[in-house]
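Chain residues, written in single-letter form:
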Amino acid sequence: MSERSEQPEPIDPFEEIIAAETDRDPDLAVIEAGSRTLRAQGGAPQADVPTRPADPAVDKALREVERELATRWGETKLEPSVKRIAALMDVLGEPQRSYPSIHITGTNGKTSTARMIEALLGAFELRTGRYTSPHVQSITERISLDGAPVSAERFIETYDDIKPYIEMVDGSQEYRLSFFEVLTGMAYAAFADAPVDVAVVEVGMGGTWDATNVIDGDVAVVTPIDLDHTDRLGETPAEIAAEKAGIVKQDATVILAQQPVDAAQVMLKKAVEVDATVAREGLEFGVVSRQVAVGGQMLTLRGLGGEYPEVYLPLHGPYQAHNAAVALAAVEAFFGVGSQRPEPLDVDTVRRAFAAVSSPGRLEVVRRSPTVVLDAAHNPAGARATAEAVGEAFDFSRLIGVVGASGDKNVRGLLEAFEPIFAEVVITQNSSHRAMDADELAALAVEVFGEERVQVEPRLPDALEAAITLAEEEGEFAGGGVLVTGSVITVGEARLLLGKG
């Protein structure tokens, strides 16, 4: 050990934040002793959600593709293996091997983090492909090139190109490829055809057997893990983490957001097993400071290579600041900051990238007077984060909720998270077959909010109108607002009804 390393490091504000915010388990020291950790020594604006194609012929062709995809297993019906997608990749010539990848798992924050990573990579003049799910309004959102969803024409062309291979695999497997598996194959083929310099890929569910997990991500990102999809992934954070750890590959770099201790323990064990390098939020990187700003927040981020002050992020909420820290560390790791190179990324480029980030349907303001906000929170952890962010970012004197949820979620937990901030709630139902019946949802809401605070409007247009009317009751300048939430589908449909697309 060198004399320099023997000297105690001075305590700086970042270390104080670590001491205050990180709940450490001494048992983790054994695991951490066997794993390497990262620490350095020392884009183009996002496109909005696409609308339907203006050309009737293109729109017709896209609808035909959507109809064909709809005949396959939906995203909630799974046979947990990657054998079908692996077979498709094989007949396509392994397109996913033709570019490096950043692979993202976790429970909440994956899509926003993916968008931030994409923006950063694009700002450093790399051609990017991004694959995320679910979509807010258009299926084409799921596959992006250079920071924008692929055109309907390109989406159709990609499907037509690989359709014969899809049918070949369908005929050779016990089960046909699912909706999500086909889309994953399309994304990987589109990225190879572009070609991209790097793919940013969000898992659909879990990790080990997720269809996306036929890539070997150079960087594996794990956003906060909480309870969701417990019927498929496990009933504790540790069990869920074991599934999600499947994306961590040999010699990869793991960017680990702050986690429940048992989930972190599982992830660190996996890192040891595959000799992966780990960077942990709150230790190797993190949020040094944040201040609420007009339209977003001003951040100082601690990256793997040093500090990045005065970073403006046009998104609301503490959780988005943490997503930004995770995204920055992931891009630093991709460029070798903290390992091959000690110096940080160019701070002005980082600032430009974050200032251009958008995340439709995530605390998105779509109307004023009264203010209507859309947020796709669909589980208790996401709802708690949204409730905190609403209180910080908006000065509502009276907030009306519009909630339409999926029946396979912890809906009671979601409602309980929103109860402290909603004066009243309008219960509704989106058009998905997964939607919880409005009357069933209302019965739960009455138990949580009390009958006098619950209104039921099964049709979403009527629910929006009712909520806006309730928000306006205090007068034009009284500060009433509406939050539409509970499901990505509910938010997407509300977005269309309110003129955003």
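As the structure is a computational prediction, the values presented were derived from the model and not from experiment.

S.K.: Explain the overall build of the protein chain here, please?
M.R.: The secondary structure content of the protein chain amounts to 18 helices and 18 strands. Counting the 501 residues in the protein chain, one finds 55% classified as buried. Summed over all atoms, the accessible surface of the protein chain reaches about 20300 Å², with 49% contributed by carbon and sulfur.

S.K.: Is there a simple way to think about the sheet that holds strand β11 (residues 296–303) in this case?
M.R.: Backbone-to-backbone hydrogen bonds join strands into a sheet, with any given pair of strands oriented parallel or antiparallel. If you walk across this open sheet you meet the 3 strands as β10-β11-β12, and the pairing is antiparallel. What marks the edges here is a single partner per strand, and that holds for β10 (286–293) and β12 (306–313). Across the sheet, the axes of successive neighbouring strands diverge by a mean angle of 15°, strand direction being ignored. Inspection of the sheet shows β11 paired to β12 by 6 bridges, in the antiparallel sense. Each residue of the ladder has a partner; that of R302, found in β12, is E307.

S.K.: I tried to follow the sheet that holds strand β18 (residues 480–485) on my own but got confused; where do I start?
M.R.: What the 6 strands build is an open sheet, ordered β13-β14-β18-β15-β16-β17; its pairing is mixed. The two strands at the open ends of the sheet, each matched to only one other strand, are β13 (364–367) and β17 (454–456). Averaged over all adjacent pairs, the angle separating strand axes in this sheet is 25°, with direction ignored. With 3 bridges joining them, β13 and strand β14 (residues 371–374) adopt antiparallel strand pairing. Each bridged residue has a counterpart across the sheet, and for R367 the counterpart in β14 is V372. Helix α18 (residues 488–497) contacts β13, β14 and β18 of the sheet and is inclined by roughly 125° relative to β18.

S.K.: For this particular structure, what's the right way to read the nonpolar core?
M.R.: The tendency in soluble globular proteins is for nonpolar side chains to be buried as a group. Residues I117, V221, I255 and F354 are the most contacted members of the largest nonpolar core, which totals 41 residues. Sorting the residues of this core by element identifies β2 (101–105), α6 (110–123), β6 (198–202), β7 (219–222), β11, β12, α12 (318–334) and α13 (347–355) as the ones contributing at least two each. The biggest single contributor to this core is α12, with 10 residues. Discounting residues that sit within four places of it in the chain, I255 has contacts with V219, A220, V221, V222, A279, F285, V326, A329, A330 and A333. Core analysis: the next-biggest nonpolar cluster, separate from the first, contains 39 residues, A87, V150, I162 and V214 among them.

S.K.: Just checking my understanding: could you explain the environment of I215 for this structure?
M.R.: Tracing the backbone shows I215 in the loop between β6 and β7. Spatially, the C-alpha atoms of I215 and Y188 are 9.3 Å apart, while their sequence positions differ by 27 residues. Not counting residues within four places of it along the chain, the set of residues in contact with I215 comprises Q96, R97, S101, H103, Y188, V201 and K249.

S.K.: I'm lost on the confidence of the model for the protein chain in this one. Help?
M.R.: Any segment with low pLDDT has predicted coordinates that should not be analysed in fine detail. Mean pLDDT over the protein chain: 88, with 87% of residues reaching 70 or higher. In the predicted structure, residues 1–47 sits below a pLDDT of 50 and forms 85 contacts with residues beyond four places in sequence or in another chain.

S.K.: Where do I start with the side chain of K244 in this structure?
M.R.: The residue K244 is located in helix α10 (residues 237–244) in this model. K244 sits in the buried class, given a relative accessible area of 4%. Among the polar contacts listed, one links the side chain of K244 to the backbone oxygen of G106, at a separation of 2.9 Å.

S.K.: Please explain helix α14 (residues 380–393) as it appears in this structure.
M.R.: For an α-helix the count is 3.6 residues per turn, leaving residues at separations of three or four pointing the same way. Taking 1.5 Å as the rise per residue, α14 with 14 residues should run 20 Å; its terminal C-alpha atoms sit 20 Å apart, in good agreement. On the buried face of α14, the contacting elements are α12, β15 (398–403), α15 (411–418) and β18.

How each quantity is defined
- Residues numbered from 1 in each chain as written.
- Predicted model: local features only at pLDDT ≥ 70, side-chain atom pairs only at ≥ 80, totals over all residues.
- Heavy atoms only, no water.
- Helix = DSSP H or I, 4+ residues; strand = E, 2+ residues; numbered from the N terminus.
- Buried < 20%, exposed > 50% of the residue type's maximum accessible area, 1.4 Å probe, protein only.
- Areas by Shrake-Rupley, 256 points an atom, 1.4 Å probe, with all protein chains shown as cover.
- Pairing = 2+ DSSP bridges.
- Axes fitted to C-alpha atoms, helices over the stretch in contact; angles between N-to-C directions.
- Contact = heavy atoms within 4.5 Å.
- Core = buried A, V, L, I, M, F, W, Y, C linked by side-chain atoms within 4.5 Å.
- pLDDT = per-residue confidence, 0-100.
- Polar contact = N/O pair within 3.5 Å; in protein donor to acceptor, adjacent residues only side chain to side chain.
- Expected span 1.5 Å × (residues − 1).

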